[in-house]
Amino acid sequence: MSSPQHSQTLEPWVAVPGEIADLCRPLLGEVAEEMIEEIQRGVPEYARPLDEEYARMVRLAVEGAVRQFIDLIGDPDASWEQVTAVYRDIGLAEAREGRSLDALQTALRLGARVAWRRLALEAERHNVSRRVLSRLAEAIFAFLDEIAAAATAGYNEARSQAAGELEHRRRRLLDLVLSDPPASPQAIAELARTARWQVPQTVAAVALAERGEQRFAHPALPPDVLADVNRREPCLVVPDPDGPGRYRMLENGLREWTAAVGPTVRVEEAAKSLRWAREALALARRGVLPADRPVRCVDHMPTLVMFKDEDLIRLVGERRLAPLQQVRPRHRERLARTLLACLQSGFNATEVASRLHVHPQTVRYRLHQLEQLFGEELYDPDIRLELEMVLQVHLFRLAEKDGRADVIALKDPRRSAPPPPIAAASRS
């Protein structure tokens, strides 16, 4: 708080004649006592008859304020240090006890009213002019503003310290929950208590990446979500991720982020959830998975598994897709796309044609070529899933290599329809 003596010409107590201080000083004890009684009647939070230490602090604050005001009337250059420190400490105490400043502000107003009433009576008794009384009133309420500002500064300082400490504990808790090997439930429970976090039954880890080079604001998320977006690999831990509205909450709160939500797990398995979330995030940033909203790992597990070891898929693909090397490169990709669509559509020529935007007869012609190239393997149930997986990765890599925007949407191979016999496929 800036000291009033730095701008004396603007402070109202400078205009009050110094002799008023001599009139008021003998009343200090009585005025302080009346102020305390009025405050305790009007503000129940300050009425603690059994708490001697608290009563002593209230008296110290009130007497100190009255003495400081009288000293300022007598000497506008009097030091503010002691009374400012007292009221800053009061603000600190109010914040640490979890109260708002409302009670303190009410107490200050009541005290100022009592002080004005008693000092005005004394001034009138000594025939002080109305002009001086007016200046005295202005000085009292300006002084009230000054000590209220000191209390507010202390209050805000304590709140800031508490918020910083709580944030530090929650970051430590996030590290503990995500530790691998997992921390003990007791260690998590103890730190969760000090971090004001209720340990849930299940969690999901969320991996984050900013969408651009500019720094974005902290995600707008509820306080039960543990978050640290300032670390090298930003992440969250979301309690009860399958509860009503939880995904929508993430969708709304992470609009400025690319995000991937790991599988729902028990708290002690949070590191596993984060590992899969980071796998999904990497694929989302690469374009393999859609990134317009938070990616849920559970919706893309086949893709995550397929891309977990691309080298293995590539090596298997070189063997499984070797027959395609017998045709021209440009036609090779058309056949590959047709084969993937057939595998995903149960070799239904009409559905494949709709998906590829070609005529059904074109599909039948290509399918005949594929049967000539792959033979019985084309419909072997033991090979079919393998073929579908290597085709998806193969076609994506081709599109990625060429920098094309028409990258295929990877389809869950578990949802593919069963294949019909060769003869039925040929007739379709």
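None of these values were measured; they are calculated from a predicted model. (Residues numbered from 1 in each chain as written. Predicted model: local features only at pLDDT ≥ 70, side-chain atom pairs only at ≥ 80, totals over all residues. Heavy atoms only, no water.)

Asks: Before we go on, may I ask you to explain the overall build of the chain in this structure?
Replies: Helix and strand content of the chain: 16 helices and six strands. A separation of at least 24 residues holds for 73% of the contacts in the chain among residues at least 6 apart in sequence. Total accessible area on the chain stands at roughly 23000 Å², and carbon and sulfur atoms take up 50% of it. (Helix = DSSP H or I, 4+ residues; strand = E, 2+ residues; numbered from the N terminus. Contact = heavy atoms within 4.5 Å. Areas by Shrake-Rupley, 256 points an atom, 1.4 Å probe, with all protein chains shown as cover.)

Asks: Looking at this structure, I do not really get the packing of helix α12 (residues 329–345) against helix α13 (residues 349–356). What am I missing?
Replies: Look at α12 against α13: their axes get within 9 Å of each other, and the N-to-C directions meet at 125 degrees. It follows from the interaxial angle that α12 and α13 lie oblique. Note on packing geometry: the crossing formed by α12 with α13 is right-handed. Two secondary-structure elements touch here, α12 through Arg337, Thr338, Ala341, Cys342, Gln344 and Ser345 and α13 through Glu351, Val352, Arg355 and Leu356. Along the lines of polarity and charge, the residues of the contact of α12 with α13 split into four nonpolar, three polar and three charged. (Axes fitted to C-alpha atoms, helices over the stretch in contact; angles between N-to-C directions. Parallel < 35°, antiparallel > 145°, perpendicular 65-115°, else oblique. Left-handed = near helix turned anticlockwise from the far one by under 90°. Nonpolar A, V, L, I, M, F, W, Y, C, P; charged D, E, K, R; others polar.)

Asks: When you look at the pairing of strand β1 (residues 202–210) in this model, what are you seeing that I'm missing?
Replies: Walk down a regular strand and you will see the side chains alternate between the two sheet faces. Buried residues dominate β1, accounting for eight of its nine residues. Note that β1 and strand β5 (residues 265–266) share two bridges and pair antiparallel. Residue valine 203 lies in a different strand from β5, and its bridge partner there is valine 265. Pairing between β1 and strand β3 (residues 235–239): five bridges, direction antiparallel. Across the sheet, alanine 204 pairs through a bridge with valine 238, a residue of β3. Here β1 pairs with strand β4 (residues 257–261) via five bridges, running antiparallel. (Buried < 20%, exposed > 50% of the residue type's maximum accessible area, 1.4 Å probe, protein only. Pairing = 2+ DSSP bridges.)

Asks: Got a minute to help me understand the packing of aromatic side chains in this structure?
Replies: Geometry of an aromatic ring pair is reported as the spacing of the ring centres plus the angle between the planes. Overall, the coordinates contain three aromatic pairs when judged by the stated rule. Seen from their ring centres, phenylalanine 307 and phenylalanine 396 are 5.8 Å apart, and the 90 degrees between their planes marks the pair as edge-to-face. You can see phenylalanine 307 sitting in the loop between α10 (301–306) and α11 (310–320) and its partner phenylalanine 396 sitting in helix α15 (residues 381–402), a full 89 residues away along the chain. In this structure phenylalanine 307 comes out as buried when scored by relative accessible area, which is 6%. The interplanar angle of 55 degrees and the centroid separation of 4.5 Å between the aromatic rings of phenylalanine 347 and tyrosine 379 together place this pair among those described as tilted. (Phe/Tyr/Trp six-rings, centres within 6.5 Å; stacked < 30°, edge-to-face > 60°.)

Asks: Looking at this structure, I do not really get helix α3 (residues 52–74). What am I missing?
Replies: Three- or four-residue spacings in an α-helix give side chains the same orientation, since the helix completes a turn every 3.6 residues. Over its 23 residues, α3 runs 33 Å from end to end, which matches the ideal 33 Å to within 8%, given 1.5 Å per residue. Those residues of α3 lying buried are Tyr54, Val58, Ala61, Val62, Gly64, Ala65, Val66, Gln68, Phe69, Ile70, Leu72 and Ile73. (Expected span 1.5 Å × (residues − 1).)

Asks: Sorry if this is basic, but what is going on with the environment of methionine 57 here?
Replies: Structurally, methionine 57 can be placed in helix α3. For methionine 57, a relative accessible area of 36% puts it in the partly exposed group. Taking the C-alpha atoms as reference points, methionine 57 and valine 86, 29 residues apart in sequence, are found 9.1 Å from one another.

Asks: I'm lost on the layout of surface pockets in this one. Help?
Replies: When its volume is computed, the largest pocket comes out at roughly 520 Å³. Forming the boundary of the largest pocket are 30 residues, of which Ala61, Val62, Tyr87, Ile90 and Leu108 lie nearest the centre. Those elements giving two or more residues to the lining of the largest pocket turn out to be α2 (28–42), α3, α4 (81–96), α5 (102–125) and α6 (130–177). The element best represented in the lining of the largest pocket is α3, accounting for nine residues. (1 Å grid on protein atoms, 1.4 Å probe; cavity = no way out; pocket = protein on both sides within 12 Å on 5 of 7 lines; lining within 4 Å. Points joined across faces, edges and corners; volume = space filled by probe spheres on them.)

Asks: What's the story with the confidence of the model for the chain in this structure? I'm lost.
Replies: Any residue range with low pLDDT should be treated as having predicted coordinates unsuitable for detailed reading. Mean pLDDT over the chain stands at 81; residues scoring 70 or higher make up 88%. The spread of mean pLDDT over the elements of the chain runs between helix α16 (residues 422–427), the lowest at 37, and β5, the highest at 96. Predicted confidence is poor over residues 1–9, with pLDDT under 50, and the contacts of this stretch with residues over four places away or in other chains come to 19 contacts. Contacts from residues 405–428, a stretch scored under 50 in pLDDT, to residues over four places away or in other chains number 53 contacts. (pLDDT = per-residue confidence, 0-100.)

Asks: What is the right way to look at the pattern of salt bridges in this model?
Replies: Pairs can form between side chains of opposite charge whenever their charged atoms are close. Applying the stated criterion to the full structure yields 22 salt bridges. Here glutamate 251 ties to arginine 293 by a salt bridge, and the two come within 3.4 Å at their closest N and O atoms. Of this pair, glutamate 251 sits in helix α8 (residues 246–253) while arginine 293 sits in the loop between α9 (270–286) and β6 (295–296), placing them 42 residues apart in sequence. A salt bridge links arginine 266 to glutamate 268; the nearest nitrogen and oxygen atoms lie 2.8 Å apart. A relative accessible area of 46% places arginine 266 in the partly exposed class. One salt-bridge network, in which partners are shared between bridges, spans Arg266, Glu268, Glu269 and Lys272. (Salt bridge = Lys/Arg side-chain N within 4 Å of Asp/Glu carboxyl O.)

Asks: How should the environment of leucine 176 be read in this particular structure?
Replies: Relative to the assigned elements, leucine 176 resides in helix α6. For the pair leucine 176 and glutamate 268, spaced 92 residues apart in sequence, the C-alpha to C-alpha distance is 9.8 Å.

Asks: Hey, could you run me through the packing of α13 against helix α14 (residues 360–374) in this one?
Replies: Geometry of a packed helix pair, given as the angle between the helix axes and the separation of the axes. The contact between α13 and α14 brings their axes to 8 Å, and the two run at 110 degrees. With respect to their mutual orientation, α13 and α14 come out roughly perpendicular. Together, Ala349, Val352, Ala353 and Leu356 of α13 and Pro360, Val363, Arg364 and Arg366 of α14 make up the contact between the two elements. The residue makeup of the contact of α13 with α14, split by class, is six nonpolar, no polar and two charged.

Asks: Explanation requested: the nonpolar core in the structure shown.
Replies: For soluble globular proteins, nonpolar side chains are generally found buried alongside one another. In this structure, Leu173, Val177, Leu178, Val237, Leu324, Phe374 and Leu378 are the most contacted members of the largest nonpolar core, which totals 64 residues. Setting aside residues up to four positions removed in sequence, valine 237 forms contacts with Leu174, Val177, Leu178, Trp197, Val203, Ala204, Asp224, Val225 and Leu226. The next biggest cluster of nonpolar side chains, apart from the first, holds 58 residues, and it includes Ile20, Tyr54, Leu101 and Ala112. (Core = buried A, V, L, I, M, F, W, Y, C linked by side-chain atoms within 4.5 Å.)

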